Amino acid sequence: MVLISRKGEEEGDVVDFRGNPVDKSKTGGWLAAGLILGIELAERICVMGISMNLVTYLVGNLHLSSAKSANIVTNFMGTLNLLGLLGGFLADAKLGRYLTVALSATITAVGILLLTLATSIHSMRPPPCDDYRQQHHQCIEANGGQLALLYAALYTTALGGGGIKSNVSGFGSDQFDAADPKEEKAMIFFFNRFYFGISIGSLFAVIVLVYVQVNVSRGLGYGISAGAMIIAIVVLLAGTTFYRFSKPRGSPLTVIWRVIFLAWKKRAHPHPSHPSLLNGCQEAKIPHTERLKCLDKAAILDEYAAHEGNRSNSWIVSTVTQVEEVKLVFKLMPIWSTCILFWTVYSQMTTFTIEQATFMNRKVGSFEIPAGSFSAFLFITILVFTSLNEKFFVPLARKLTNNAQGITSLQRIGVGLILSMAAMVAAAIVEKERRNISVHQNTKLSAFWLIPQYFLVGAGEAFVYVGQLEFFIREAPDRMKSMSTGLFLSTISMGFYVSSLLVTVVDKVTKKSWLRSNLNKGRVDNFYWVLAVLGAINFLVFLAFAMKHQYKGHQHKSPDDSGKKEFKSSNIKTVEEMPEIIRIEAREGP
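Remember, it's a predicted structure, so these values are computed and weren't measured experimentally. (Residues numbered from 1 in each chain as written. Predicted model: local features only at pLDDT ≥ 70, side-chain atom pairs only at ≥ 80, totals over all residues. Heavy atoms only, no water.)

Comments concerning the overall build of the protein
Now for step 1: For the protein, the count of helices and strands is 21 helices and four strands.
Now for step 2: The buried share of the protein, reckoned over its 590 residues, is 55%.
Now for step 3: Contacts in the protein between residues far apart in sequence, at least 24 positions, make up 84% of those at least 6 positions apart.
Now for step 4: When the accessible surface of the protein is totalled, it reaches about 25000 Å², and 63% of it is carbon and sulfur. (Helix = DSSP H or I, 4+ residues; strand = E, 2+ residues; numbered from the N terminus. Buried < 20%, exposed > 50% of the residue type's maximum accessible area, 1.4 Å probe, protein only. Contact = heavy atoms within 4.5 Å. Areas by Shrake-Rupley, 256 points an atom, 1.4 Å probe, with all protein chains shown as cover.)

So, the packing of aromatic side chains
Now for step 1: Per the counting criterion, the structure on display carries 16 aromatic pairs.
Now for step 2: When the centroid spacing of 5.8 Å and the interplanar angle of 50° are considered together, the rings of Tyr98 and Tyr243 count as tilted. Of this pair, Tyr98 sits in helix H5 (residues 97-120) while Tyr243 sits in the loop between helix H9 (218-238) and strand S2 (245-246), placing them 145 residues apart in sequence.
Now for step 3: Here the aromatic rings of Phe539 and Phe542 are separated by 6.4 Å at their centres, their planes lie at 25°, and the arrangement is stacked. Taken as a pair, Phe539 and Phe542 lie in helix H19 (residues 524-548) at a separation of three residues, close to a single helical turn. (Phe/Tyr/Trp six-rings, centres within 6.5 Å; stacked < 30°, edge-to-face > 60°.)

What to know about the pattern of salt bridges
Now for step 1: Applying the stated criterion across every chain yields a total of 10 salt bridges.
Now for step 2: A salt bridge links Asp296 to Lys327, with the shortest nitrogen-to-oxygen separation between them at 2.9 Å. One end of the pair, Asp296, is in the loop between helix H10 (252-265) and helix H11 (308-311); the other, Lys327, is in helix H12 (residues 320-331), with 31 residues separating them in the sequence. Taken as a pair, Asp296 and Lys327 share a single burial class, namely buried.
Now for step 3: Among the ionic pairs, Asp507 bridges to Lys512, the shortest N-O distance being 3.3 Å.
Now for step 4: One continuous salt-bridge network, built from bridges that share partners, spans Glu40, Glu43, Arg44 and Lys165. (Salt bridge = Lys/Arg side-chain N within 4 Å of Asp/Glu carboxyl O.)

Some remarks on the environment of Ala105
Now for step 1: Looking at where Ala105 falls in the secondary structure, it is placed in helix H5.
Now for step 2: Under the relative-accessibility criterion, Ala105 is labelled buried at 0%.

Re the environment of Ser446
Now for step 1: Its location among the elements puts Ser446 in the loop between helix H16 (409-440) and helix H17 (451-475).
Now for step 2: Once you skip the residues sitting within four places of it in the chain, Ser446 turns out to touch Met360 and Asn361.

Let's talk about the environment of Val210
Now for step 1: As for its position among the elements, Val210 is in helix H8 (residues 181-215).
Now for step 2: The exposure class assigned to Val210 is buried, which follows from its relative accessible area of 0%.

Things to note about the nonpolar core
Burial of nonpolar side chains together is a common tendency in soluble globular proteins.
Now for step 1: Residues Ile39, Leu58, Met229, Leu236 and Tyr243 are the most contacted members of the largest nonpolar core, which totals 129 residues.
Now for step 2: Among the domains, domain 1 (12-250) and domain 3 (323-551) are the pair contributing at least three residues each to this core.
Now for step 3: Core analysis: the second largest hydrophobic core is formed by 14 residues, Val259, Ile300, Val323 and Val329 among them. (Core = buried A, V, L, I, M, F, W, Y, C linked by side-chain atoms within 4.5 Å. Domains from an automatic or database assignment.)

A word on H9
Now for step 1: The terminal C-alpha atoms of H9 lie 31 Å apart, and with 21 residues this matches the ideal 30 Å at 1.5 Å per residue to within 8%.
Now for step 2: Every buried residue of H9 is listed here: Arg218, Gly219, Gly221, Tyr222, Ser225, Ala226, Met229, Ala232, Ile233 and Leu236.
Now for step 3: Put simply, Ser217 is the residue that caps the front of H9, since its side-chain oxygen is 3.2 Å from the backbone nitrogen of Gly219. (Expected span 1.5 Å × (residues − 1). Polar contact = N/O pair within 3.5 Å; in protein donor to acceptor, adjacent residues only side chain to side chain.)

Some thoughts on unusual backbone geometry
Now for step 1: Positioned with a positive phi, Asn442 is a non-glycine residue whose angle comes to about 55°.
Now for step 2: Position of Asn442 among the secondary structure elements: in the loop between H16 and H17.
Now for step 3: On the accessibility criterion, Asn442 (69% relative accessible area) is exposed.
Now for step 4: One non-glycine residue, Lys511, lies in the positive phi region at around 55°.
Now for step 5: Looking at the secondary structure, you find Lys511 in the loop between helix H18 (483-509) and H19.

Here we look at the packing of helix H13 (residues 333-347) against H16
Now for step 1: Contact geometry of H13 with H16 gives a least axis separation of 10 Å together with a crossing angle of 35°. Crossing geometry of H13 relative to H16 is assigned as left-handed. The segment H13 lies against H16, with Ile335, Thr338, Cys339, Phe342 and Val345 engaging Leu410, Ile413, Gly416, Leu417, Ser420 and Met424.
Now for step 2: A class-by-class count of the residues in the contact of H13 with H16 yields eight nonpolar, three polar and no charged. (Axes fitted to C-alpha atoms, helices over the stretch in contact; angles between N-to-C directions. Left-handed = near helix turned anticlockwise from the far one by under 90°. Nonpolar A, V, L, I, M, F, W, Y, C, P; charged D, E, K, R; others polar.)

Some remarks on the side chain of Asn53
Now for step 1: Tracing the backbone shows Asn53 in the loop between helix H2 (29-51) and helix H3 (54-60).
Now for step 2: Contacts of Asn53, omitting those with residues within four sequence positions, involve Val210, Gln213, Val214, Arg218 and Gly372.

A short note on a nonpolar patch on the surface
Now for step 1: There is a patch of nonpolar side chains on the surface, built from Leu86, Leu90, Leu95, Leu99, Leu103 and Leu159 and spanning about 470 Å² of accessible area.
Now for step 2: Sorting the residues of the nonpolar patch by element identifies helix H4 (66-95) and H5 as the ones contributing at least two each.
Now for step 3: Here the element with the most residues in the nonpolar patch is H4; it accounts for three residues.
Now for step 4: Relative to the elements of secondary structure, Leu99 occurs in helix H5. (Patch = residues over 30% accessible without salt bridge, like charges linked within 9 Å, V, L, I, M, F, W, Y side chains within 5 Å.)

Observations regarding the confidence of the model for the protein
Now for step 1: This prediction gives the protein a mean pLDDT of 81; 86% of its residues lie at or above 70.
Now for step 2: Predicted confidence is poor over residues 1-12, with pLDDT under 50, and the contacts of this stretch with residues over four places away or in other chains come to 39 contacts.
Now for step 3: The model gives residues 556-587 a pLDDT under 50, and that stretch makes 63 contacts with residues more than four places away or in other chains. (pLDDT = per-residue confidence, 0-100.)

What about the side chain of Gln213?
Now for step 1: Relative to the assigned elements, Gln213 resides in helix H8.
Now for step 2: Assessed through its relative accessible area of 4%, Gln213 is described here as buried.
Now for step 3: When residues no more than four places from it in sequence are discounted, the contact partners of Gln213 are Gly49, Asn53, Arg218, Gly221 and Tyr222.

Structure, rendered in structure tokens:
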């Protein structure tokens, strides 16, 4: 995504910190990019250090119910990813990536410091509760006042994390000139290192920080995260004179909003007798289509808009190109909607799967592995399958299909959706067995039986995130490529929100009998079966949409064969240049 947008930049769009044209010998390159990497490493440490172990604190220390605890975690993650859209909008429209990243990192540090206080101050927690009272649900839950600081900390962190997530990789890639073959090659290596930083940060969080939080102190664990972010901010600011800055060029969200606004404003106007009468039809870069004709009204030239001075005012009348770009975005929505449930399944890895681990045997010899650290198997699987995708699956598929992509983006998504269903079936079977052994035999099942569900979800993500990003990058309008990250982050966000909604509904319908703090008295396995069934229904809907979807390259045929070949070769080149960028943008998601 970043590579395409960089190639499309005009001379003068990239400047140094004084606003002058860049001197390549003094700005950008590996020094600047390396300084920026620290922010993403710190962000991963902070966010994963929270999301992968927060549920144990909410249930074990604040004595909240499993359902409420799960919703707090999923709402936090959903909001963080949703705010990525706001961060991207601010950077594109006004602030630029550097200022947005710096401000967002500062806000994140404040949020983590607040979380350190919330988990360290004794008055912010209810009285301790022994095992007997926990089993009989007699513990005193944290009250609103005690939760207030926790909520403030979480959503301050979400605000900052969203701004980092949507901009830091783009700012890093700004340090390389994609028009220079040598720097273009270096950019690919940058994304390799960026991906490595994300993976290392995530593994450090779930292995080291989770251990510190559980066995030493929550406050110390979050304090380490805050310290990492503060150090990263200092490093980022210290490198200001070395950076290359891309000027804000306006957000594509503004174009979408204007077209929708004008179409609604002119809804009473009749359609013109011929599309050629619409504003800018003759100069349109995208041919006019008959789908979603209601949006065409945004390009109607009424008496006021027809004045020569008003034709170029996009708040008075849109062009056919702008309308067709918005139509292309709307065309992505059916596939977008069917990707949401995968992330709903993924969110269970941060909530109920962690709770399962707390009720299982986690000892290796005399050492007991913290429940949250089992998430390491998820990230290890993602790393393994991402490598296998690039080194094995895609080359094999290319030989079988004679397609440069190996398998299409929609086929990748389909494989991921199937794996997510299998993960929920495995989770349900393991949970039922765990509960039976615990209740009837009074023993604990090994927590390593959770590996299959981590494995299946991790493998599924390796297919889904690449498929989603590739789909949005290729199918989005050429001038709206930056929206691909926003669309991807919004599916993750909606997935977490849908999880919260499902937990609330299931908890109410079952009268709190399935999702209980004491899993031995609940039926979490039934909840997993519900997700598996919903996944199957969602997959059938996805198939219906996927079979009807017509890829952008096949919508408008060129008048001659040479045009077709040129367009096809251009598309293939884009896909082959982009694998590392697709992988890295996607891994910023959860």
